[in-house]
Amino acid sequence: MRRAIVFATADAAEEAFYDAMQRGDLAAMMALWADDEDAVCVHPSGARLVGMAAIRTSFEEIFAQGGVDVRPAQARVQQGAMIAVHNLVEKVVVAGRMGTEIVECIATNVYLKHASGWRIVLHHSAPAGESPSVDIGAGSSVLH
């Protein structure tokens, strides 16, 4: 029987998440998730997937083509004793019309601390759009 890896920090769990994505390793990916039927995953331009069965099926379909060349960048982390929220830019390398292209997505990953270490309970990624990433200060009037 394979023992689950205990992630001592949310940062370690996040690193393992993107490593599993790069390698297309379904077992490693699913070992990162909290065993929680309220876990949620939203892939870019995809539907909201709730529960481990739906999340597993989505990663099976994605990894059927191999790993995803995704490079996390510009992480913003908010963390407490039991929860960590990571917001970042995912730079996804894809084959486009003009050759290799990088598509940016904005992702939010939420990790909870369990007896078995930090586990992901939410991954939400969406296309970044045409504009480059901008950090807006406290004076912003944007509501949503």
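Refer to the structure above for everything that follows.
So, here is what we can say about the structure in this document. Please read these numbers as outputs of a predicted model, since none were measured by experiment.

## Considering the overall build of the protein chain
Piece 1. Looking only at helices and strands, the protein chain features three helices and six strands.
Piece 2. Out of the 144 residues belonging to the protein chain, those deemed buried represent 33%.
Piece 3. A fraction of 47% describes how many contacts in the protein chain between residues 6 or more apart in sequence connect residues 24 or more apart.
Piece 4. For the protein chain, the computed accessible surface area is about 8900 Å², with 55% contributed by carbon and sulfur atoms.

## Thoughts on the sheet that holds strand β2 (residues 48-50)
Each strand in a sheet pairs with another by means of backbone hydrogen bonds, the pair being arranged parallel or else antiparallel.
Piece 1. Sheet architecture is open: six strands sit in the order β2-β1-β6-β5-β4-β3, paired in mixed fashion. Looking along the sheet, the strands with just one partner apiece sit at the ends: β2 and β3 (70-79). When strand polarity is set aside, the average angle formed by the axes of neighbouring strands in this sheet is 25°.
Piece 2. In the sheet, strand β1 (residues 40-42) pairs with strand β6 (residues 117-127) via three bridges, with the strands oriented parallel. In the sheet register, V40 faces β6, and the bridge partner there is L122.

## Examining the pairing of strand β4 (residues 83-96)
Piece 1. Summarising the sheet, β3 and β4 pair through eight bridges and their orientation is antiparallel. When the bridges of β4 are listed, Q79 appears paired with A84.
Piece 2. Hairpin connection of β3 to β4: three residues between the antiparallel strands.
Piece 3. In sequence, β4 turns back onto strand β5 (residues 99-114) through a hairpin of two residues.

## Thoughts on the pattern of salt bridges
Piece 1. Applying the stated criterion across every chain yields a total of four salt bridges.
Piece 2. Ionic pairing is found between R23 and D25, a salt bridge with its closest N-O pair at 2.8 Å.
Piece 3. Assessed through its relative accessible area of 21%, D25 is described here as partly exposed.
Piece 4. Among the ionic pairs, K91 bridges to E104, the shortest N-O distance being 2.7 Å.

## Considerations on the packing of aromatic side chains
Piece 1. Under the counting rule described, the total for this entry stands at two aromatic pairs.
Piece 2. A ring pair is formed by F17 and Y18, whose centres lie 4.9 Å apart and whose planes are at 85°; its orientation type is edge-to-face. Note on accessibility: F17 and Y18 belong to one class, buried.
Piece 3. Centroid distance F59 to F63: 5.5 Å. Interplanar angle 40°. Geometry classified as tilted.

Definitions and cut-offs
- Residues numbered from 1 in each chain as written.
- Predicted model: local features only at pLDDT ≥ 70, side-chain atom pairs only at ≥ 80, totals over all residues.
- Heavy atoms only, no water.
- Helix = DSSP H or I, 4+ residues; strand = E, 2+ residues; numbered from the N terminus.
- Buried < 20%, exposed > 50% of the residue type's maximum accessible area, 1.4 Å probe, protein only.
- Contact = heavy atoms within 4.5 Å.
- Areas by Shrake-Rupley, 256 points an atom, 1.4 Å probe, with all protein chains shown as cover.
- Pairing = 2+ DSSP bridges.
- Axes fitted to C-alpha atoms, helices over the stretch in contact; angles between N-to-C directions.
- Salt bridge = Lys/Arg side-chain N within 4 Å of Asp/Glu carboxyl O.
- Phe/Tyr/Trp six-rings, centres within 6.5 Å; stacked < 30°, edge-to-face > 60°.

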